[in-house]
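Reading the structure
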Amino acid sequence: MTASSTAPLANPDLANPVTVRCRGVLFDMDGILISSLGSVERSWSAWAISRNVDPALAIRTAHGCRAIETVRKLRPDLDDEAELKYIEELEVADDEGLAVLPGVPELLRALPQHRWTVVTSATERLARIRMAAGGIAVPDHIVTADRVTFGKPHPEPYRKGAGILGLNPGDCVVFEDSGSGTKAGRDAGCTVIGTTFSHSIEELSAAHYLVTDLTGITVENLHGDESITLHFTPLAL
């Protein structure tokens, strides 16, 4: 994987344009492909109130992590599998405001279908429902909360995502919006591009590059070595 830069831009908030060559792309779902922040926060607030937990703490803990691990942290005395089913039902039922984020349809159309997949902390049922609601053609094989032993920030999800594509993690680019997700991608050995959709720049320190969203990311497809080149202008750090 290689990266290069060209002349600086006049906008002080932007760094130099870069190119990153990879062989596969791994997308987080919530906050990268789909805007589901309202659904997530309403669902976790409802769960927290029903379980005598501070809703703000529940929301903060849940972002970027598997629901079952959030339950274990906040209410270790409860049946984690039963609580997982409860929060999944809350999130499935709340589809208000679900929308595809800017730049996503264009980027997915530009990528070869066999060169990308989704790595999410959502359950498989929830992930497929949300992406279908957004009109995203879901890959046959994705990495979800129920497919890993350890969730983000552990590197296992992104290692499995690379494996689905038949690649080494070092050949993959990760798109993430959370601190736990950027750390998971980096520790897996991937190049990580973080977006500032839901977390501060300080929380995304594990990312190699930051962008506002996926708008303006262009793709040069499949060179002779089966690699892909991504072109974009990151935010200045």
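Note that the structure is a prediction, hence the values are computed from the model and not measured.

When helices and strands are tallied, the protein shows 8 helices and 11 strands. For 237 residues, the compact-globule estimate of 2.2 N^0.38 gives 18 Å, and the protein sits close to it at 18 Å. Over its C-alpha atoms, taken along the principal directions, the protein stretches across nearly 55 × 40 × 30 Å. Burial status across the protein gives 49% buried among its 237 residues. Of all intrachain contacts in the protein linking residues separated by at least 6 positions in sequence, the fraction that spans at least 24 positions is 60%. Carbon and sulfur atoms form 52% of the exposed surface of the protein, whose accessible area is close to 10500 Å². Within the protein, one finds 21 positive and 32 negative side-chain charges whose respective centroids are separated by 4 Å.

On to unusual backbone geometry, then. Look at the link from Lys 152 to Pro 153: it is a cis peptide, with omega at 15°. Mapped onto the elements of the fold, Pro 153 is located in the loop between helix H6 (124-133) and helix H7 (156-164). Of note in the backbone geometry, Asn 52 takes a positive phi value of approximately 60° without being a glycine. Tracing the backbone through its elements, the reader meets Asn 52 in the loop between helix H1 (37-50) and helix H2 (55-62). Taking the relative accessible area as the measure of exposure, Asn 52 reaches 74% and is therefore exposed.

Now for H7. If you check which residues of H7 are buried, you get Glu 156, Pro 157, Tyr 158, Gly 161 and Ala 162. Looking at the buried side of H7, the elements it contacts are strand E3 (24-27), strand E6 (116-118), strand E7 (172-176) and helix H8 (179-188). Backbone geometry just downstream of H7 places Gly 166 in the positive-phi region, at approximately 75°.

For strand E11 (residues 228-232), the tally of buried residues reaches 4 of 5 residues, placing the bulk of the element in the interior. The pairing of strand E2 (residues 18-22) with E11 spans 5 bridges and is antiparallel. What sits directly across from Val 18, in E11, is Phe 232. In this sheet, E11 lies alongside strand E10 (residues 218-220) in antiparallel orientation, the contact comprising 3 bridges. In the strand pairing of E11, Val 219 is matched with Leu 230.

Of note, Thr 215 is situated in the loop between strand E9 (209-211) and E10. For Thr 215 and Glu 106, which are 109 residues apart along the polypeptide, the C-alpha to C-alpha distance reads 8.3 Å. With residues up to four places along the chain from it excluded, the contact list for Thr 215 reads Pro 102 and Gly 103. A polar contact of 2.9 Å, which involves the side chain of Thr 215, links it to the side chain of Asp 213.

Counting residues in hydrophobic clusters, the biggest one holds 33 residues, and the most contacted among them are Phe 27, Leu 33, Met 131 and Phe 175. Contributing elements (two or more residues each) for this core: E2, E3, helix H5 (104-110), E6, H6, E7, E9 and E11. Formed by 18 residues, the second largest nonpolar core is a distinct cluster that contains Ala 162, Ala 184, Leu 210 and Leu 235.

Criteria and cut-off values
- Residues numbered from 1 in each chain as written.
- Predicted model: local features only at pLDDT ≥ 70, side-chain atom pairs only at ≥ 80, totals over all residues.
- Heavy atoms only, no water.
- Helix = DSSP H or I, 4+ residues; strand = E, 2+ residues; numbered from the N terminus.
- Rg over C-alpha atoms; globule rule 2.2 N^0.38 Å.
- Buried < 20%, exposed > 50% of the residue type's maximum accessible area, 1.4 Å probe, protein only.
- Contact = heavy atoms within 4.5 Å.
- Areas by Shrake-Rupley, 256 points an atom, 1.4 Å probe, with all protein chains shown as cover.
- Lys, Arg positive; Asp, Glu negative; His and termini not counted.
- Charge placed at Lys NZ, Arg CZ, Asp CG, Glu CD.
- Pairing = 2+ DSSP bridges.
- Polar contact = N/O pair within 3.5 Å; in protein donor to acceptor, adjacent residues only side chain to side chain.
- Core = buried A, V, L, I, M, F, W, Y, C linked by side-chain atoms within 4.5 Å.

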